[in-house]
Amino acid sequence: MTENSILDWVLRTPRLDLRPFQPGDVEALEAVLGDPWTMRYYPAPFDRFKVSDWIARNSERALERMGLYAMVLRSSGELIGDCGPVPQDLPNGKTETELGWHVRRDHQGRGYATEAASAWMGEMFGRGEAHLIALVRPENRPSCRVAEKIGMQIEEDILWNAELKWPHHIYGVSNPNR
Ligand SMILES: CC(C)(COP(=O)(O)OP(=O)(O)OC[C@H]1O[C@@H](n2cnc3c(N)ncnc32)[C@H](O)[C@@H]1OP(=O)(O)O)[C@@H](O)C(=O)NCCC(=O)NCCS
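What you are looking at is a predicted structure, and each value in this text was computed from that prediction instead of being measured.

Draft legend 1. Spotlight on the overall build of the chain. Within the chain, the regular secondary structure consists of five helices and eight strands. Listing every helix and strand of the chain by position from the N terminus yields α-β-β-α-α-β-β-β-α-β-α-β-β. The dimensions of the chain, computed from C-alpha atoms along their principal axes, are 40 × 40 × 30 Å. Within the chain, the fraction of its 178 residues that count as buried is 30%. Of all intrachain contacts in the chain linking residues separated by at least 6 positions in sequence, the fraction that spans at least 24 positions is 56%.

Draft legend 2. Here's a closer look at unusual backbone geometry. The peptide bond linking Trp160 to Asn161 adopts the cis configuration, its omega dihedral lying at 0°. Structurally, the position occupied by Asn161 is in the loop between strand 7 (153–160) and strand 8 (166–174). The backbone of Arg65 sits at a positive phi, close to 55°, despite the residue not being glycine. For Arg65, the position within the fold is in the loop between helix 3 (48–62) and strand 3 (69–73). Here the phi dihedral of Lys165 falls at roughly 50°; this positive angle occurs in a residue that is not glycine. Along the chain, Lys165 turns up in the loop between strand 7 and strand 8.

Definitions and cut-offs
- Residues numbered from 1 in each chain as written.
- Predicted model: local features only at pLDDT ≥ 70, side-chain atom pairs only at ≥ 80, totals over all residues.
- Helix = DSSP H or I, 4+ residues; strand = E, 2+ residues; numbered from the N terminus.
- Buried ≥ 20, exposed ≤ 12 C-beta atoms within 10 Å, placed from the backbone.
- Contact = placed C-beta atoms within 7 Å.

The following block contains the structure:
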């Protein structure tokens, strides 16, 4: 596959297109990651610089068809969040693939994160990935519910990340075909 065809690759769900981020997505993603209420389980909402950096890092990962992808509503073309797989080196010594998700406040509670995460799970298991995780603060009930609804279970509790050392559940699910 050429670099261009990799970046044209889109994961489609019934209502969403999950596509690689583009530099022009900064403003739309800032409406998600810059919102203090949406980001209440993070140390702080992201400023524009951090959003640009997030897009740049995930655009790099998209060259391997990995990373957080833009979550776009097919009905309107609007970018309303992100979702995708990110490799993580965990304090238990394992390297695991984490599924991450964020949805803009006015679109939460409509099943979009679950729909996107479940499509990524199918995609990654189809590629032969043995196990997927989600790292979630126990008080982040909406995110715990997304993990549970796609079939993940709590496997371990850790302090995450290296700097913050906040308690997190490791939710996990294994590939049934391996
Ligand atoms: C987590 C998040 C992505 C979920 O997105 P979403 O599209 O609203 O998710 P869904 O609609 O698929 O499911 C949300 C679930 O959380 C539940 N939920 C929503 N708000 C809740 C609340 N305040 N308390 C408890 N459960 C809540 C919903 O009821 C639903 O579960 P249910 O189907 O059992 O009723 C969204 O809340 C978000 O962007 N949060 C901020 C970013 C974040 O924390 N990301 C994850 C980091 S680990």
